[in-house]
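Tertiary structure, described
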Amino acid sequence: MNFSGGPAALPEEVLKEASEAVVDYNGTGLSILELPHRGKDFEKILEEAKELVRELCGLGSDYEILWLHGGGRLQFCMVPMNFLGPEDTAGYVASGHWAEEAMEYAAHYGDVQILSTSREDNYAHLPKWPTDVSNNLAYLHYTTNNTIYGTQFHTVPKGNVPLVADMSSDILCSKRDYTNCALIYAAAQKNIGPAGATMVAIRKDMLERIHRDIPAMLSYKKHAEKNSLLNTPPVFAIYTSMLTLRWTKKKGIDAIEAENRQKATLLYNEIDRNSIFTGTVTNKADRSLMNVCFTANNSENEKAFLQFCSERDITGIKGHRFVGGFRASLYNAVSIQATESLVQAMQDFEKENKY
Ligand SMILES: Cc1ncc(COP(=O)(O)O)c(C=O)c1O
């Protein structure tokens, strides 16, 4: 039972199909690892991966879907490289480590303004959503889900400047209005596939706002013109992401959201009830559906509970090294049964360690 923050649990049927394709892709006699990226077979995979994102996010033909390399951090660079000229200012909502890091990268290219932050409370709650945002900002960047601290913006706000959303750790976890965003990016390794591929959905009018002379590999426009085939794409990572998106579609976003809510409720209720554990998010309304962060009442119990879980085949619940404690990630592929097993482990641990 894998509760890792990422690379994260993938659906069993996806792992099975992907592993079969490593030996023989679709009866071609070639491994997916050997498939030419400009051939018909990969063309179909790429097209399906794009269309599934479009459909599952409810995006129309006014959006370009790209599949790129470089993970979340390359997007921290590409966003300002493409949209933040030396005379421009971009606004950032500094809600956690990844938002801060994105902002640091942006400062290399232009002026950055912190629109709101919860830095002073070590990001234990969400900052207030900024309301008085200048029309002159090049864009507003925010992280929809703060993977390390376990806070999440549950809806996508509408704004007066292009909204850029890092959805790496909660894309497709619930029904949301993705069309409020001018650009969405998600490193695949949590809800949509393995590490190595990054999905970018960009509204086409944004492609005309690029004013800096940048190398083709860093330009959204060039990637769009070349249909994500500017260089050799991460074929296997895109294929496995496509399989995960197929699984997501088969299950349906409504069912996925209902399960995610059920898993989160089970675990948060136990944290609130259990005398050993305490949730770390100070405002309950900000609690993430995806990353549930908590601590134990002393460091001995912290170590002991990790061991207790490991003996029960529960893995990946150690908190991020910046904050310690525990983090159980309840991404889409984590089952209700696995969540119940974790809750049971917490109850058993409490019984054994109460006095
Ligand atoms: C929300 C978010 N953004 C960005 C990143 C960084 O992604 P990468 O390691 O692919 O650069 C992470 C990593 O966990 C993340 O959770």
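Below or above, wherever it landed, is the structure these notes cover. What you see is a predicted model, and the numbers here were worked out from it, not measured in a lab.

What counts and what doesn't
Residues numbered from 1 in each chain as written. Predicted model: local features only at pLDDT ≥ 70, side-chain atom pairs only at ≥ 80, totals over all residues. Heavy atoms only, no water. Pairing = 2+ DSSP bridges. Helix = DSSP H or I, 4+ residues; strand = E, 2+ residues; numbered from the N terminus. Axes fitted to C-alpha atoms, helices over the stretch in contact; angles between N-to-C directions. Contact = heavy atoms within 4.5 Å. Core = buried A, V, L, I, M, F, W, Y, C linked by side-chain atoms within 4.5 Å. Buried < 20%, exposed > 50% of the residue type's maximum accessible area, 1.4 Å probe, protein only.

**Here's the deal with the sheet that holds strand 4 (residues 140–143)**
Pairing in this open sheet of 7 strands is mixed, and the strands run 1-9-8-7-4-2-3 from one edge to the other. The strands lining the two open edges of the sheet, one partner per strand, are strand 1 (63–68) and strand 3 (111–117). Each adjacent strand pair in this sheet contributes to an overall mean axis angle of 20°, direction not counted. Here strand 8 (residues 183–187) pairs with strand 9 (residues 198–203) via 5 bridges, running antiparallel. Looking across to strand 9, one finds that I184 is bridged to A201. Helix 2 (residues 40–57) rests against strand 1 and strand 9 of the sheet, and its axis sits at about 130° to strand 1.

**Thoughts on the sheet that holds strand 11 (residues 291–296)**
Taken in spatial order, the 3 strands make up an open sheet running 10-11-12, and their pairing is antiparallel. One side of each edge strand has no neighbouring strand; the edge strands of this open sheet are strand 10 (277–279) and strand 12 (326–329). Direction aside, the axes of adjacent strands within the sheet are offset by 35° on average. Pairing between strand 11 and strand 12: 4 bridges, direction antiparallel.

**Observations concerning the nonpolar core**
With 53 residues, the main nonpolar core has W67, I171, L172, I192 and M199 as its most contacted residues. Beyond its immediate sequence surroundings of up to four residues, M199 is in contact with V53, I65, L66, W67, I171, I184, Y185, A186 and I192. Grouped together as the second largest cluster of nonpolar side chains are 31 residues, F305, C309, A345 and F349 included.

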